[in-house]
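Each chain is listed here by its residues.
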Amino acid sequence: MPEIGKPRRFRTSSLTRGIIAVTTGGAALALPVIGATSAFAAPAQSPAVEKAATSTVASGKGIAAQKSESTTYSVILGDTLAKIAREHSVNGGWKALYEDNQKAVGGNPDLIHPGLKLTIGAKADNKSEKAESKASASSDRAEKSADRADRSERTDTSLAAEGAPAAEAAPAAEPVSYTDDLDGWIKESLAVMAEHGIPGTYEGIHRNIIRESAGDPQAINNWDINAINGVPSKGLLQVIDPTFQAYHVPGTSMDSYDPVANITAACNYAADKYGSIDNVFGAY
């Protein structure tokens, strides 16, 4: 059996030459059985190895100490914060580099000029202060948000009492204007119809107006059965008064001759009876 801690030599030993035994029945090969309990132990680590390991750890600590120290970098033409952070392995990337140099860089991290001095490597004191600041802000956030509205109200009241100028309100959207003609009447009616969910298109409305009144908002039918019954058809889409009143759309005039009111009431009626004014192609 080889000595523990030394390599096994591949040669024929006296033990190997002596494992063949001759019996009356013939030759038999007797092989020694080596169990798991006979495995060789790894040689003990030499002092030199231990010293090297210690040296490596010490070296690592030195590198870490060096990385924690800040250095000054002078920006050259073509530099960006991202490029500098990548080349110098800045922890946190360009955002951390910008955060450490925001006072020098200014408000735009994309704008740095050649010759600008940047500090690379965050200072431990700054990181500690920022961490404490974040923890403090987190703990106070709920309390601050609770009284923010009340503080704002008190501030506004105080400013009003002192005669401070009120903040300028955003300019109100200018109202949409429509031309006083058939095109403008149809477009204004479509806007009112959209607010009330009444279906219809410009083409459908225009087609029916031309057939019913030729675009004359004062048109009136004095000869059909409705006229005989005392309720003549009126306006652009020839609506009788009972129908106009039943399908009048809020926000429009109560005058059945009013172009926008006449169109929207007629389209409301057509939507109820035919699904849409677009589906009307004749008398309705």
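First things first, this report covers the structure right here in the doc. (Residues numbered from 1 in each chain as written. Predicted model: local features only at pLDDT ≥ 70, side-chain atom pairs only at ≥ 80, totals over all residues. Heavy atoms only, no water.)

Regarding the overall build of the chain
Argument step 1. Counting secondary structure elements, the chain contains 11 helices and 4 strands.
Argument step 2. For the chain, the proportion of its 284 residues judged to be buried stands at 24%.
Argument step 3. Long-range pairs, those at least 24 residues apart, make up 49% of the contacts in the chain with a sequence separation of at least 6. (Helix = DSSP H or I, 4+ residues; strand = E, 2+ residues; numbered from the N terminus. Buried < 20%, exposed > 50% of the residue type's maximum accessible area, 1.4 Å probe, protein only. Contact = heavy atoms within 4.5 Å.)

Quick notes on helix 8 (residues 202-213)
Argument step 1. Taking 1.5 Å per residue as the helical rise, helix 8 with its 12 residues ought to reach 16 Å, and the 16 Å between its terminal C-alpha atoms agrees with that figure.
Argument step 2. Residues of helix 8 that are buried in the fold lie against helix 7 (182-195) and helix 11 (259-274).
Argument step 3. Just downstream of helix 8, Ala214 is the residue with a positive phi angle, here 60 degrees. (Expected span 1.5 Å × (residues − 1).)

Some points on the packing of helix 7 against helix 8
Argument step 1. Between helix 7 and helix 8, the shortest axis-to-axis distance is 10 Å and the interhelical angle comes to 130 degrees. In terms of orientation, helix 7 and helix 8 fall into the oblique class. For the pair helix 7 and helix 8, the sense of crossing is right-handed. Within the contact between the two elements, helix 7 uses Leu182, Asp183, Ile186, Lys187, Leu190 and Met193 and helix 8 uses Tyr202, Ile205, His206, Ile209 and Ile210. (Axes fitted to C-alpha atoms, helices over the stretch in contact; angles between N-to-C directions. Parallel < 35°, antiparallel > 145°, perpendicular 65-115°, else oblique. Left-handed = near helix turned anticlockwise from the far one by under 90°.)

Digging into the packing of aromatic side chains
Argument step 1. Within the structure shown, the criterion is met by 2 aromatic pairs.
Argument step 2. Centroid distance Tyr247 to Tyr269: 5.3 Å. Interplanar angle 75 degrees. Geometry classified as edge-to-face. Here the residue Tyr247 occupies a position in the loop between helix 10 (241-246) and helix 11, and Tyr269 occupies one in helix 11, the gap between them amounting to 22 residues. Both residues of the pair, Tyr247 and Tyr269, belong to the buried class.
Argument step 3. With a centroid separation of 6.0 Å and 40 degrees between ring planes, the pair formed by Tyr269 and Tyr284 is classed as tilted. Here Tyr269, found in helix 11, pairs with Tyr284, found in the segment after helix 11; they are 15 residues apart in sequence, far enough to count as distant.
Argument step 4. What makes Tyr269 buried here is its relative accessible area of 17%. (Phe/Tyr/Trp six-rings, centres within 6.5 Å; stacked < 30°, edge-to-face > 60°.)

Section: the packing of helix 7 against helix 11
Argument step 1. Where helix 7 meets helix 11, the closest approach of the two axes is 9 Å, and the angle between their N-to-C directions is 50 degrees. Our classification of the angle between helix 7 and helix 11 gives oblique. Classified by chirality, the crossing of helix 11 by helix 7 is right-handed. Residues Trp185, Ile186, Glu188, Ser189, Val192 and Met193 of helix 7 lie in contact with helix 11, whose contacting residues are Pro259, Val260, Ile263, Thr264 and Cys267.
Argument step 2. Looking at the contact of helix 7 with helix 11 residue by residue, the class counts come to 8 nonpolar, 2 polar and 1 charged. (Nonpolar A, V, L, I, M, F, W, Y, C, P; charged D, E, K, R; others polar.)

Notes on the nonpolar core
Argument step 1. Of all hydrophobic cores here, the largest spans 21 residues; its most connected members are Ile205, Ile209, Ile263 and Cys267.
Argument step 2. By size, the runner-up hydrophobic cluster in this structure holds 14 residues, among which are Val90, Tyr98, Val105 and Leu116. (Core = buried A, V, L, I, M, F, W, Y, C linked by side-chain atoms within 4.5 Å.)

Some points on the pattern of salt bridges
Argument step 1. In the structure shown here, the tally under the stated rule is 5 salt bridges.
Argument step 2. Taking the shortest distance from any N to any O, the salt bridge between Glu203 and Arg207 comes out at 3.3 Å. Here Glu203 pairs with Arg207, and both are found in helix 8, just 4 residues apart, close to one helical turn.
Argument step 3. Of the charged contacts in the structure, one is a salt bridge between Glu212 and Arg211, with a shortest N-O distance of 3.0 Å. (Salt bridge = Lys/Arg side-chain N within 4 Å of Asp/Glu carboxyl O.)

Points about the pairing of strand 4 (residues 117-120)
Argument step 1. Going residue by residue along strand 4, you find Leu118 and Ile120 tucked away on one face and Lys117 and Thr119 left uncovered on the opposite face.
Argument step 2. Relative to strand 4, strand 3 (residues 71-74) runs antiparallel, the two sharing 4 bridges. Bridge pairing in strand 4 places Tyr73 opposite Leu118. (Pairing = 2+ DSSP bridges.)

A few points about helix 7
Argument step 1. With 14 residues, helix 7 extends 20 Å between its outermost C-alpha atoms, agreeing within 8% with the 20 Å of an ideal straight helix rising 1.5 Å per residue.
Argument step 2. Buried within helix 7 we find Leu182, Gly184, Trp185, Ile186, Ser189, Val192 and Met193.
Argument step 3. Positive phi shows up at Gly197, right after helix 7, with a value of about 70 degrees.

Comments concerning unusual backbone geometry
Across the chain, the bulk of peptide bonds are trans and the bulk of non-glycine residues have phi less than zero.
Argument step 1. Phi at Ala214 takes a positive value of approximately 60 degrees, unusual for a residue other than glycine.
Argument step 2. Position of Ala214 among the secondary structure elements: in the loop between helix 8 and helix 9 (225-228).
Argument step 3. In this model, Gln238 sits at a positive phi of 50 degrees, which is unusual for a non-glycine residue.
Argument step 4. One can find Gln238 in the loop between helix 9 and helix 10.

Concerning the side chain of Ser213
Argument step 1. Tracing the chain through its elements places Ser213 in helix 8.
Argument step 2. A relative accessible area of 9% places Ser213 in the buried class.
Argument step 3. When neighbours within four sequence positions are excluded, Ser213 is seen to be in contact with Ala219, Gly235 and Leu236.

Taken by themselves, the reported measurements are silent on function.
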